[in-house]
Structure formats: C-alpha cells, structure tokens
Amino acid sequence: MTGSDAASARIDTSRPHPARVYDWWLGGKDNYPVDEELARKILAVDDTVLRGARANRRFMQRATRVVAEAGIRQFLDIGTGIPTEPNLHQVAQGVAPESRVVYADNDPIVLRHAEALLHGSAKGSTDYIHADVRDPDTILRLAARSLDFGQPVALSLVALTHYLGDAADGDDVHGLLKRYVELLAPGSCLVLSQVTPDLNPGSIQKAAEHFRRSGTPFFPRSLAEFSRFFDGLELLGPGVIPVSGWRPEPEDVAVQAEGIVPVYAGVARKP
Ligand SMILES: C[S@@+](CC[C@H](N)C(=O)[O-])C[C@H]1O[C@@H](n2cnc3c(N)ncnc32)[C@H](O)[C@@H]1O
C-alpha cells in the first residue's frame, strides 16, 4: 500500500466525503453523520440516487467482466471507493486468477479499507495507491510496480469524473484523461461512468448545489461532454448509454423498470 501522503492520511468527520456519501446510498456502514446528512439532503431532491448508486456499482462489475473475458489481465481502477462485494479485483480474478489489479483513491477511509481490498488470488496481485487522480505521475509510477504498461491495461474511473472540473475550473478533466490514455498500450480499455443532467436536470442541479455547498465541487456532464472522454478510442457496443442499459443482466433490467438513472457509461478500446 503506497501513496503520496499515505502515512499522514486522517479521516475528517467534520465534512462529508464522496466515498462515504456513496457508501450510505449503497446501504453501507462506513459513513458518519455528516455524510448521512448530505446523502439524505440529496436523496430529498433527487430520488434516483439509491438505484443510481446500485446501478453504477453493477456497471463496474459487468464492464470489468467484459474486458477480462476479452483477455485483459491488468486493471488500474482510480476512484475505487469503499469496498462493496464483489469488488473489481474479485470480478477480474474470478475470470482470470492471474489478473493484476491496482486501486487508487484519495480518501483516507478507502486507504483504511485497503487491507480488505488486497486479498488477491495466489497467482494474481492487488495493490493500493493513496493518491489523487490529478497526480498521474505518482499514480502511474507506483502502478508500474505491479502493471506492465507495455501490455493492455483496463483503466477505470467509475463515477469519478463528475468530481473533476473542466479547464476553466482548474482541473481540465479531458486533458487529464488524455494523459492517462496516451500512456496505455494498444488494446487497453477505458471504462467510465458519470452523472449527467440530461435526464432530470432540475434534480441534478439541486443535488450538485448540495455537493458544492458541502465542499465537494460537482460537475454533471451532457452526453456530448461525456462522450468526448472517448475521443480517439473505439467504443464497445452499445456505446455511451445510461448505465443500466450497458449490456444489462436481468437485475439491471429490473433497475431500469424502476425509473431513470441519470448516469452515463461507456467502455472503449485503444486501437
Ligand atoms: C462515487 S465513488 C465511486 C466508487 C467506485 N468507483 C464505484 O463506482 O463503485 C467516487 C470515488 O472517487 C474518489 N475520488 C473523488 N475525487 C477523487 C480524486 N480527486 N482522486 C482520487 N479519487 C477521488 C472518492 O474518494 C470515491 O471513493
């Protein structure tokens, strides 16, 4: 377990954190009263968040299985979140036990749980980096201790990019993703999902306002803005689509029947 400031990471319970708010929506126990308060405020203005969290988590599992079944054996998952089984390494190593997985997140509570994430199979490996996605040099340098970037890697940022702004906001999320993708070998895959205002704009705007007021900038993106993340890559079918419609299994069809989920998802291959 490594990272830029892993040793000094402290859990701050004075303000809500995205990983813990998401954990509350998923029915987890790794959250504090401040997180529950924000999670409930957002739920009150956007009643899609509970099924949205569930649907998003299931997308991560399906997408991981798809790229693993396509032959990818190396995974870099940034914005990992608090463990909720099955986790990405369990899905990947369930398909191919030799799969190597590196997780990265900037939240100290995820670091605290990293031990639980590190139980890989005997042949494969699972590592954890405590770092910010905006520090690609650190993440890629530390990931390279486990992963061979000369071979295909599945890079996943699932429900992460809506916490990152555009160039005008100082983050340049599109430029940042380009930097990561440039370093990937041909045959690598990019797995993404993110919140959109396209389907229920009023509710998402209010939810985003709650996030911002709590100290977490939040950037829902349109279909066109989200699709730009995949520029230069070959989208796997069915392309960019609301998350539960991405290669759905029976449980996803059931979630779709419950109502909209304002999250886009897509998986693309680097030619
Ligand atoms: C909504 S959770 C998604 C968890 C998991 N990827 C999933 O989809 O189930 C977002 C995660 O991104 C992490 N995160 C947010 N901003 C980040 C940043 N700048 N660098 C690294 N991780 C970040 C949060 O700590 C949280 O664990």
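Residues numbered from 1 in each chain as written. Predicted model: local features only at pLDDT ≥ 70, side-chain atom pairs only at ≥ 80, totals over all residues. Heavy atoms only, no water.

Draft legend 1. Quick peek at the site of the ligand. Around the ligand sit 18 residues, and of these Tyr22, Asn56, Arg57, Gly79 and Asp105 come closest. Here a nitrogen atom of the ligand sits 3.3 Å away from a polar atom, N or O, in the side chain of Arg134. In isolation the ligand offers 600 Å² of accessible surface; the protein chains occlude 97% of this area. At the level of elements, helix H1 (18–25) and helix H3 (49–69) are the ones that each hand at least two residues to the shell around the ligand. In terms of residue class, the shell around the ligand is built from eight nonpolar, five polar and five charged. (Near = heavy atom within 4 Å. Polar contact = N/O pair within 3.5 Å; in protein donor to acceptor, adjacent residues only side chain to side chain. Areas by Shrake-Rupley, 256 points an atom, 1.4 Å probe, with all protein chains shown as cover. Helix = DSSP H or I, 4+ residues; strand = E, 2+ residues; numbered from the N terminus. Nonpolar A, V, L, I, M, F, W, Y, C, P; charged D, E, K, R; others polar.)

Draft legend 2. Quick peek at the pairing of strand E6 (residues 189–195). In terms of burial, E6 is largely enclosed, as seven of its seven residues are buried. Side chains Cys189, Val191, Ser193 and Val195 project from E6 onto one buried face, and the interleaved Leu190, Leu192 and Gln194 project onto a second face that is buried too. For strand E5 (residues 154–158) and E6, the ladder comprises five bridges, and the chain directions are parallel. Residue pairing across strands places Val158 opposite Ser193, the latter belonging to E6. This β-α-β element, E5 to helix H8 (residues 173–182) to E6, shows right-handed connectivity. In terms of strand pairing, E6 meets strand E9 (residues 263–269) through seven bridges, oriented antiparallel. Paired with Cys189 across the strands is Arg269, a residue of E9. (Buried < 20%, exposed > 50% of the residue type's maximum accessible area, 1.4 Å probe, protein only. Pairing = 2+ DSSP bridges. Right-handed = clockwise from strand over helix to strand, strands pointing away.)

Draft legend 3. Representation of the packing of aromatic side chains. Counted by the stated rule, this structure contains eight aromatic pairs. Their ring planes at 85° and their centres at 5.5 Å tell us that Phe59 and Trp246 sit as a pair that is edge-to-face. Here Phe59, found in helix H3, pairs with Trp246, found in the loop between strand E8 (241–242) and helix H11 (250–258); they are 187 residues apart in sequence, far enough to count as distant. Here Trp246 falls in the buried class, since its relative accessible area comes to 0%. Summarising the aromatic geometry, the rings of Tyr163 and Phe218 are spaced 5.7 Å apart at their centres and angled 65° between planes, so their arrangement reads as edge-to-face. Of this pair, Tyr163 sits in the loop between E5 and H8 while Phe218 sits in the loop between helix H9 (201–213) and helix H10 (223–227); the two residues are 55 residues apart in sequence, bridging distant segments of the chain. Per residue, the accessibility class of Tyr163 equals that of Phe218, and both read buried. Among the aromatic residues, ring-to-ring pairing joins Trp25, Tyr163, Phe211 and Phe218 into one connected group. (Phe/Tyr/Trp six-rings, centres within 6.5 Å; stacked < 30°, edge-to-face > 60°.)

Draft legend 4. Inspection of the nonpolar core at higher detail. Core analysis: the largest hydrophobic core is formed by 83 residues, its most contacted members being Trp25, Phe59, Phe75, Leu76, Ile78 and Leu157. The dominant element in this core, judged by the number of residues it contributes, is H3, at nine residues. Setting aside chain neighbours within four positions, we find Leu76 in contact with Val102, Ile139, Leu140, Ala143, Leu147, Phe149, Val153, Ala154, Leu155 and Ser156. (Core = buried A, V, L, I, M, F, W, Y, C linked by side-chain atoms within 4.5 Å. Contact = heavy atoms within 4.5 Å.)

Draft legend 5. Highlighting unusual backbone geometry. Cis peptide bonds are those with omega within 30 degrees of zero, and the linkage from Glu85 to Pro86 qualifies with -5°. Turning to its location among the elements, Pro86 is positioned in the loop between strand E2 (74–78) and helix H4 (88–95). Here the residue pair Gly237 and Pro238 is connected by a cis peptide bond, since its omega of 5° sits within 30 degrees of zero. Inspection of the secondary structure assignment puts Pro238 in the loop between strand E7 (234–235) and E8. Even without being a glycine, Ala159 presents a positive backbone phi close to 55°. Topologically, Ala159 is positioned in the loop between E5 and H8. With a phi close to 50°, Asp172 is a non-glycine residue in the positive phi region.

Honestly, that's just the spatial picture; any functional story needs more than this.
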